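Listed below, chain by chain, are the residues.
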Amino acid sequence: MSESQVVPQPQVKLDPASLPAPTRHLHDPLEKQLTSAVRLASERVRERYAGEPEQQVCRSLLEETRAALHPDIAASFQPDMAQFCRLAAAIVQGQPT
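About the thresholds
Residues numbered from 1 in each chain as written. Predicted model: local features only at pLDDT ≥ 70, side-chain atom pairs only at ≥ 80, totals over all residues. Heavy atoms only, no water. Core = buried A, V, L, I, M, F, W, Y, C linked by side-chain atoms within 4.5 Å. Buried < 20%, exposed > 50% of the residue type's maximum accessible area, 1.4 Å probe, protein only. Helix = DSSP H or I, 4+ residues; strand = E, 2+ residues; numbered from the N terminus. Contact = heavy atoms within 4.5 Å. Expected span 1.5 Å × (residues − 1). Polar contact = N/O pair within 3.5 Å; in protein donor to acceptor, adjacent residues only side chain to side chain. Salt bridge = Lys/Arg side-chain N within 4 Å of Asp/Glu carboxyl O. Axes fitted to C-alpha atoms, helices over the stretch in contact; angles between N-to-C directions. Parallel < 35°, antiparallel > 145°, perpendicular 65-115°, else oblique. Left-handed = near helix turned anticlockwise from the far one by under 90°. Nonpolar A, V, L, I, M, F, W, Y, C, P; charged D, E, K, R; others polar.

A. Region of interest: the nonpolar core. Ranked by size, the top nonpolar core spans 20 residues in total, and within it L34, V57, L61, L69, F77 and F84 carry the most contacts. Taken together, the elements giving at least two residues each to this core come down to α1 (27-48), α2 (54-67) and α4 (81-92). Take this core: its biggest share by element is six residues, from α1. Look past the residues within four positions of F84 in its chain and what remains in contact with it is V38, C58, L61, L62, T65, F77 and P79.

Dropping the structure here:
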């Protein structure tokens, strides 16, 4: 696969300052877990995509991402919905994510 064909993967980036002080040491593992959950959600939603509207795909991405997380993390996960909707748009348009 050439460099121009490399498919970019969704990636979650957290601002360490946004985490409570006692949990800042968990920044890197949390970022990895969230990124993994978003990628898994993206794959699952893309696999079963059957022409749903973009907003529904966006909601499905959020639901699938939360389902892939520990319940405590899922409950407090507040993603940038604009980014989730861009990911949904890529799925609807058949673009790689």
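Having seen the structure, we can now continue with the description.
B. Representation of α4. Compared with an ideal rise of 1.5 Å per residue, which puts 12 residues at 16 Å, α4 spans 16 Å between its outermost C-alpha atoms and is within 8% of the ideal. When we look at burial in α4, the residues that qualify are F84, C85, L87, A88, A89, A90 and I91. On its buried face, α4 is in contact with α1 and α2. At the N-terminal end of α4, a side-chain oxygen is found 2.9 Å from the backbone nitrogen of A82, two or three residues along, and the residue is D80. Directly after α4, the chain includes G94, whose backbone phi takes a positive value near 75°.

C. Expanded view of the pattern of salt bridges. Enumeration according to the criterion identifies two salt bridges in this entry. A salt bridge links R44 to E64; the shortest N-O distance between them is 3.5 Å. Highlighted residues: R44 in helix α1 and E64 in helix α2, separated in sequence by 20 residues. It is possible to trace a salt-bridge network through shared partners that takes in R44, R48 and E64.

D. Structural context of the side chain of H27. Here H27 lies in helix α1. A distance of 2.9 Å separates the side chain of H27 from the backbone oxygen of L14, its partner in a polar contact. With residues near it in sequence (within four places) discarded, H27 still touches L14, P16 and L19.

E. Broad picture of the environment of E31. Tracing the chain through its elements places E31 in helix α1. Each C-alpha atom, one on E31 and one on P16, is 10.0 Å from the other, the two residues being 15 residues apart in sequence. If we skip the residues at most four places from it in the chain, E31 touches V12, K13 and L14.

F. Representation of the packing of α1 against α2. Between α1 and α2, the shortest axis-to-axis distance is 8 Å and the interhelical angle comes to 135°. The orientation of α1 with respect to α2, classified from their angle, is oblique. The way α1 lies across α2 gives a crossing that is right-handed. On the side of α1, the interface is formed by A37, V38, A41, S42, R44, V45 and R48, while α2 contributes V57, S60, L61, E64 and T65. For the contact of α1 with α2, a count of residues per class yields six nonpolar, three polar and three charged.

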